[in-house]
Structure formats: structure tokens, C-alpha cells
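Here are the chains, one letter per residue:
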Amino acid sequence: MHLAVIGCGYVGLVTGACLAEAGHDVVCADVDAARIAQLNAGIVPIYEQYLDKVLVSAREAGKISFTADAGEAIRCSDAIFICVGTPPKENGDADLSAIDNVARQIATEARSCKLVIEKSTVPARTGLALRQALTAYSRGSGLTFRVVSNPEFLREGTAVEDFFHPDRIVVGVEDESAAEMREIYRPILEHKFRCPVHQDSCGSAPSAQLLVTTVNSAELIKHASNSFLALKISYANVVADLCEKIGADVEEVTHAMGLDPRIGGQFLRAGLGFGGFCFPKDLQAFVHLAGTVGIDFEILKAAERVNKQRIDRFVDKVHQALWVVKGKRLAILGLAFKAGTDDIRFSPALDVAQRMLAEGAEVHATDPVALSRAKAVLPQLTYHDDPYEALHNAEAALICTEWNGFRDLDWQRAGKRMARRLVIDGRNLCSPAHMRDLDFEYFSFGRELVGASLAHAAH
Ligand code: UGA
């Protein structure tokens, strides 16, 4: 099929590239002409594993193109995926102005009827509003537009794998559009694609189910899923705080909890909490949406509150370990909001860095892929590609992102470079026993404190 993808951010680019790799003819459009120029020059503007490979393959097959002219993309396609940003407004509600703009473009640029697929994460009932907007903006043209909600469940860092091996594909429809959606996803549903992640080793067994729902349900499924996962993380974080007070080990507790299939072991990792462009804003938008219909989503408000307090809890540990922060050289390991991505939006690591700067620390930072993005927003830090350089003369290492590379550092070598063998681990990445063997003082969340006798009694 001929498909257009409007918006070349994390979602749009992965969606466009993977649909092209699956055999469709895809035109991706974005208002950011510089980004389009990069893409046309073969430069991938974001870090996402396997995306470069998929884009090269789709370009070579002549299946994907990029344009700054959304009208061109709209006119030449049967179906249009809307993948533009929906950032939070001051009041927690989602800002839907980019979707409204795209609706106006579709209505005015289209020369034939189109299937319009809402993929951006939006509050419930946006699909219905989108259809009304398309009708209003195209009045007199004789064209009709059908709207489908097709929420994405891609995780940054594993988005390509998630696209080709989804748990479920949800399509919310108001009419007979499910058949076209099934056609779009047929290569995935029937496993008729060359898997860029596993090559041939993932077999050919169809994995995903296509779930057909109403538009409102589809929108709610996305919000309810993300908010539940965020709730799970905050729950684990409070359990971790309790473990510290009671003298239990959060890893032991959450591991055993997760063996119960009703609970499941994922998203129970305690630490600095959730960041990124999805969970914080989706949680807020869901609470706001519930409020607008008179439902007080108290447990989600609590999850949000707990998450905000994670930074305070981490800074408390820094004080406990270092006493005075002012004038001390600190190494921040990790700037991305999670491992596997260069995305620093709403990254807890940046909050930590800012707090340390505000207290007068000399902050050195490293990250495998997020340095250039971080430099643009926090020029006051000193950046290092090499983690051992960041750790040189540092009085403490603050682990803020769960990159495996930080767990697997040669900590003996790191310790020799550091002014003090002290690690404050915001992601429970290292093993307390290992750090003890290497003679480190080691603080983490909900686990044994190593070298506690050196910590300041005030806490
Ligand atoms: C999330 C969802 O997982 C995706 O299904 C969804 O499609 C996406 O949002 C979206 O709405 O676009 P993502 O934001 O890429 O994906 O990242 P996650 O892997 O969910 O992690 C979110 C945050 O939670 C990260 O900061 C991570 O460090 C933190 N986290 C995750 C924990 O603190 N503990 C955990 O156990 C798991």
C-alpha cells in the first residue's frame, strides 16, 4: 500500500522505516526541513538500534522517501499515519495543536478519500474530535475521511524489535477500516518480513494478535497500559524505601513477587524512577482526562508523587555519603532517560546533574550515546566519551542510567582513578557484594549499604 507518515520523531521514523521494510511504499514528512535533509542524506537523526540498518535496506529497495512537504506525502498515499508530538501543557492536558494542524493539511491537500491513522499518544476521544475536524476543514470538497486509532507500544531502544514482534496490534475503528489495517500489518501478522533484529533465527511463527476495538477503547488502552507500568515502577520504589528501613533486599522481594504470573517480573526495578517523553506526560494526561469526567485517579497521582520524590531520595543518599557537595568533583554515569537511547527528555539523570550543579559540585558526565543532546541543554557540565576519564579524580560516581556498560566497567581500574572509592547507584546496576570486594563504599536503592560506617550519621 502507499502510506504517508507525518512526523519523523522516534515513533514516526520507526513506524515509517519498518512499514517500508515490510514492503509498503512509504513517504515520511516532517516540518523540520533540516531533519528531512539529514534523512535524505542518509543520516539517522536519532539513536535507535537497528533503525539505520532498516532505513538503508528500505532506501535501497526504493520503498521509503522523505519530504518537508506534507501535502506531497498526503496526496500520494492511501493511508496516513499521524505521528506528531503531543507534549504536555501546563495543566497536564496534552497539547493537540500539531494534530489539529495535520488534520487541516490532510483536509486541504487530499484529492481523494483517505484513511487517517492516529498513532501519536492522545487522550481518549481525540479520534472523534479528529474526524470532526477533518469533516469541518474539508467541507465542500466532497471527500470523506475515516479515522482509526492505532496506538504504538514501542519502547525506545528496542523499538524496531517491538515493531516486528509486537505483543498486540490494537486498531480502534468506527467503520469497516479494520480490513485495511489488517492489510497494512499483514506482513507482521503473517511473519512475512526479513527480521532486521534476528535475521532468520526468529522463525516464522506469527506472534501478534490484531485486536479490533472502538476508537475510544484503543485510545484508553494506550493510556491505561503506560500508566499501569508507571504505577508498577512507583510501587517497586516504595517497596525499596521500605526495604531500606526494614533491612530487606528489594531485588529479592521483587524477584519473588515477579514469579507470580499475575504480577510479572518486569517494571519492578527500583531506583531513580521513570523518565522519558512517555510515562511522565501520559500519566499526567490520564489523570487530567479522568478529572475532566469527574474521576479522581488518586493512585496515579500518588505514582507521580512517588516518582518525583526519587530525585530527592537520591540526593539524600549523595548527602549521606558525601556530606558537603559544594566544590567536589562528581562523575555522572548516564544521561539518557534509560539505556538503549540517546533521548534525554525528562531524564532523571539531568535532574540529578542540575541538583548537583546547584549545590556547587564540579560535574563531569558520560553517556555512550546521549552526550551531544545533553551538551545542548546543560552546557555547564564537563563531558567525556570515556567513562574512566569522567571518573578521574571524582569523589563519587553517580550512576543515573542503566547502561550495561557501566555495570561492566572495570571498577578496580575506575577505583584507582577516583579520588574516593564511592558509588551512588541510582539504577541498582552493580552488585553490593562485588563493590564490597573491591573496597568501594556503595549506596543503592532498597539494598544493603556497603561501607555504611563511613556514611554520615545525620541521616
Ligand atoms: C514506554 C512504554 O514501555 C512503551 O510500551 C510505550 O510505547 C512508550 O512508553 C510510549 O508511550 O511511546 P519508553 O518510554 O520507551 O516506553 O521506556 P520504558 O522502557 O517503558 O521505560 C520508561 C522509564 O521507566 C525509564 O526511565 C526507565 O528507566 C524506567 N523504568 C523502567 C524503571 O525505573 N524501572 C523499571 O522497572 C522499568
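Peer 1: What is the right way to look at the side chain of Thr 121 in this model?
Peer 2: The topology assignment puts Thr 121 in the loop between strand S5 (114-118) and helix H6 (126-137). Taking the relative accessible area as the measure of exposure, Thr 121 reaches 10% and is therefore buried. In terms of polar contacts, Thr 121 uses its side chain to reach the side chain of Lys 222, at 3.2 Å. Those residues in contact with Thr 121, other than ones at most four positions away along the chain, are Thr 86, Glu 152, Lys 222, His 223, Lys 281 and Asp 282.

Peer 1: Would you explain the packing of aromatic side chains in this entry?
Peer 2: Geometry of an aromatic ring pair is reported as the spacing of the ring centres plus the angle between the planes. Applying the stated rule across the entire model yields nine aromatic pairs. Arranged with centres 5.7 Å apart and planes meeting at 75°, the rings of Phe 163 and Phe 164 form a pair that is edge-to-face. Take Phe 163 and Phe 164: they sit in the same class, and that class is buried. Site record: aromatic cluster; members linked through ring pairs are Phe 163, Phe 164, Tyr 185 and Phe 193. The residue whose ring lies beneath Arg 168 is Phe 153, and the NZ or CZ to ring-centre distance is 3.8 Å. The ring of Phe 445 carries the charged tip of Lys 317 above its face, separated from the ring centre by 4.8 Å.

Peer 1: Could you clarify how one ought to interpret the site of the ligand in this entry?
Peer 2: Taken together, 21 residues lie around the ligand, and Glu 152, Leu 154, Glu 156, Lys 222 and Asn 226 are the ones closest in. Lys 338 is positioned with one of its side-chain polar atoms (N or O) 2.9 Å from an oxygen atom of the ligand. Side-chain polar atom of Glu 402 to an oxygen atom of the ligand: 2.8 Å apart, as the coordinates give it. About the coverage of the ligand: the protein hides 95% of its 710 Å² of free accessible area. At the level of elements, helix H9 (215-246) and helix H11 (279-292) are the ones that each hand at least two residues to the shell around the ligand. At three residues, the largest contribution of residues to the shell around the ligand is made by H9. For the shell around the ligand, the class distribution of residues is nine nonpolar, three polar and nine charged.

Peer 1: Explain the pattern of salt bridges to me, please; I cannot follow it from the model alone.
Peer 2: Oppositely charged side chains can form a pair if their charged atoms are brought close together. Counted according to the given criterion, the structure contains 29 salt bridges. Between Lys 192 and Glu 190 there is a salt bridge whose closest N-O contact spans 3.0 Å. In this structure, the salt-bridge partner of Asp 312 is Arg 355, at a minimum N-O distance of 3.0 Å. Of this pair, Asp 312 sits in helix H12 (residues 298-322) while Arg 355 sits in helix H13 (residues 348-358); the two residues are 43 residues apart in sequence, bridging distant segments of the chain. Residue Asp 312 is classed as partly exposed on the basis of its relative accessible area, which comes to 35%. In this structure Arg 355 comes out as partly exposed when scored by relative accessible area, which is 32%.

Peer 1: Would you take a moment to explain the packing of H9 against helix H10 (residues 250-258) for this structure?
Peer 2: The relative placement of two packed helices comes down to the angle between their axes together with the axis-to-axis distance. Taken N-terminus to C-terminus, the directions of H9 and H10 make an angle of 135°; their axes are 9 Å apart at the nearest point. On the basis of the axis angle, H9 is oblique to H10. The interaxial crossing formed by H9 with H10 has right-handed handedness. Residues Tyr 235, Ala 236, Val 239, Ala 240 and Cys 243 of H9 form the contact with H10, whose own contacting residues are Val 250, Val 253, Thr 254 and Met 257. Grouping the amino acids of the contact of H9 with H10 by side-chain chemistry returns eight nonpolar, one polar and no charged.

Here is what the cut-offs are and how they apply
- Residues numbered from 1 in each chain as written.
- Predicted model: local features only at pLDDT ≥ 70, side-chain atom pairs only at ≥ 80, totals over all residues.
- Heavy atoms only, no water.
- Helix = DSSP H or I, 4+ residues; strand = E, 2+ residues; numbered from the N terminus.
- Buried < 20%, exposed > 50% of the residue type's maximum accessible area, 1.4 Å probe, protein only.
- Polar contact = N/O pair within 3.5 Å; in protein donor to acceptor, adjacent residues only side chain to side chain.
- Contact = heavy atoms within 4.5 Å.
- Phe/Tyr/Trp six-rings, centres within 6.5 Å; stacked < 30°, edge-to-face > 60°.
- Lys NZ or Arg CZ within 6 Å of the ring centre and 35° of its normal.
- Near = heavy atom within 4 Å.
- Areas by Shrake-Rupley, 256 points an atom, 1.4 Å probe, with all protein chains shown as cover.
- Nonpolar A, V, L, I, M, F, W, Y, C, P; charged D, E, K, R; others polar.
- Salt bridge = Lys/Arg side-chain N within 4 Å of Asp/Glu carboxyl O.
- Axes fitted to C-alpha atoms, helices over the stretch in contact; angles between N-to-C directions.
- Parallel < 35°, antiparallel > 145°, perpendicular 65-115°, else oblique.
- Left-handed = near helix turned anticlockwise from the far one by under 90°.

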